[in-house]
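# What the coordinates show
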Amino acid sequence: MPDDGAVILFAGVRKVYRLPSGDVVALDGIDFSVVQGEFIAVMGPSGSGKSTLLNLMGCLDTPTEGILAISGNDVSTLSDDALTALRRDHIGFIFQQFNLLPLLSAEENVAFPLIMKCRDRGLCGVRPRDLLAAVGLSEGEIAHRPAELSGGQQQRVAIARALANDPEILLADEPTGNLDTKTGDGIMALLTEMNQRGKTIIMVTHDPHIAAYASRKINLVDGRVV
């Protein structure tokens, strides 16, 4: 397997969906790498393969052809359990729709991935408060359920949840898509701070203003990097 020290490595990656109506090529010969600490914006028109690329990086799908290595692991060689562990331990997800559990408080939402991993619930009960404070939520706000929080507050909770297991990679899918410009800029400032602390961030966006926060841009057209 090629190894250039990248935290994410694509080498000749194709993703083809086999459908009754015919094959759909979502990604067609992707070659690029991401080094630790980069902040990358992935851009492209609808249907260009952005979501497929993010799903592959998040180990939610595997390539049809080629090599995809995450943190030195060739994902095509891993079992389902190993892929789950890779996602849990190395990758954090930030979604446009927040995807918070509605019946849980902000603190409980952040604690959830920790409970899945950490046997010492006493230890897991401390860290969510630290993470929520780090993303700017007050003591009073962390007890609120998602419906009682603003969109910006919900996205901050989602970022804290993504950081819960201290992943080296953060994947953000249109993280400001449901927010107004001022709130979105606040979220991007927070992500920039996370990047400056050493987190590798790959963000899908259609907004050039948001993409400007990244240090490198990757443009996709028809499943290819251009």
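Residues numbered from 1 in each chain as written. Predicted model: local features only at pLDDT ≥ 70, side-chain atom pairs only at ≥ 80, totals over all residues. Heavy atoms only, no water.

### With respect to the side chain of D74
- Inspection of the secondary structure assignment puts D74 in strand β5 (residues 73-74).
- Of the side chains bearing the opposite charge, K15 lies closest to the buried D74, which forms no salt bridge; the N-O distance is 13 Å. (Helix = DSSP H or I, 4+ residues; strand = E, 2+ residues; numbered from the N terminus. Buried < 20%, exposed > 50% of the residue type's maximum accessible area, 1.4 Å probe, protein only. Lys, Arg positive; Asp, Glu negative; His and termini not counted. Salt bridge = Lys/Arg side-chain N within 4 Å of Asp/Glu carboxyl O.)

### Comments concerning the nonpolar core
- In this structure, L132, V157, I159 and L191 are the most contacted members of the largest nonpolar core, which totals 35 residues.
- Broken down by secondary-structure element, the contributors of at least two residues to this core are β3 (39-43), α3 (106-117), α5 (127-134), α6 (151-162), β7 (169-173), α7 (181-196), β8 (200-204) and α8 (208-211).
- Apart from the residues lying within four places of it in its own chain, the contact partners of V157 are L100, A106, N109, V110, L132, L137 and L149.
- Residues V7, V13, L27 and I202 belong to the second largest nonpolar core, which totals 28 residues. (Core = buried A, V, L, I, M, F, W, Y, C linked by side-chain atoms within 4.5 Å. Contact = heavy atoms within 4.5 Å.)

### Details of the sheet that holds β5
- In spatial order, the strands read β2-β1-β4-β5; together these four strands make up an open sheet with antiparallel pairing. Because the sheet does not close on itself, it has two edges, and the strands there are β2 (22-34) and β5.
- Pairing geometry for strand β4 (residues 65-70) and β5, over two bridges, is antiparallel. By the bridge assignment for β5, A69 is matched with D74.
- Contacts from helix α1 (residues 50-57) reach β1 (8-19), β2 and β4 within the one sheet, and its direction differs from that of β1 by about 120°. (Pairing = 2+ DSSP bridges. Axes fitted to C-alpha atoms, helices over the stretch in contact; angles between N-to-C directions.)

### Section: the packing of aromatic side chains
- Under the criterion given, the structure shown has two aromatic pairs.
- Seen in terms of ring centroids, F10 and F32 are 4.8 Å apart; in terms of plane orientation they differ by 20°. Their pairing is stacked. Separated by 22 residues along the polypeptide, F10 in strand β1 and F32 in strand β2 bring together distant segments of the chain. Comparing F10 with F32 shows no difference in burial state: the two are buried. (Phe/Tyr/Trp six-rings, centres within 6.5 Å; stacked < 30°, edge-to-face > 60°.)

### Notes on the sheet that holds β8
- Spatial ordering of the open sheet is given by β6-β7-β8-β3-β9-β10, a layout of six strands whose pairing is mixed. Sheet topology places β6 (91-95) and β10 (224-225) at the edges, where each strand pairs with a single neighbour.
- In this sheet, strand β9 (residues 216-221) lies alongside β3 in parallel orientation, the contact comprising four bridges. Each residue of the ladder has a partner; that of M43, found in β9, is N219.
- Here helix α2 (residues 80-90) sits on the sheet in contact with β6 and β7, set at roughly 75° to β6.

### A word on the environment of S33
- As for its position among the elements, S33 is in strand β2.
- Once the C-alpha coordinates of S33 and L9 are considered, the two residues, 24 residues apart in sequence, prove to be 4.4 Å apart.

### With respect to the packing of α6 against α7
- Look at α6 against α7: their axes get within 10 Å of each other, and the N-to-C directions meet at 20°. Comparing the axis directions of α6 and α7 gives the class roughly parallel. Pair α6 / α7 crosses with right-handed handedness. From α6, G152, Q155, R156 and I159 reach across to α7, where they touch T183, G186, I187, L190 and L191.
- Considered class by class, the residues forming the contact of α6 with α7 number four nonpolar, four polar and one charged. (Parallel < 35°, antiparallel > 145°, perpendicular 65-115°, else oblique. Left-handed = near helix turned anticlockwise from the far one by under 90°. Nonpolar A, V, L, I, M, F, W, Y, C, P; charged D, E, K, R; others polar.)

### Describing the environment of Q97
- Tracing the backbone shows Q97 in the loop between β6 and α3.
- For Q97, a relative accessible area of 53% translates into the label exposed.
- Separated by 96 residues in the primary sequence, Q97 and E193 place their C-alpha atoms 22 Å from one another.
- A distance of 3.3 Å separates polar atoms of two side chains, one belonging to Q97 and the other to N178. (Polar contact = N/O pair within 3.5 Å; in protein donor to acceptor, adjacent residues only side chain to side chain.)

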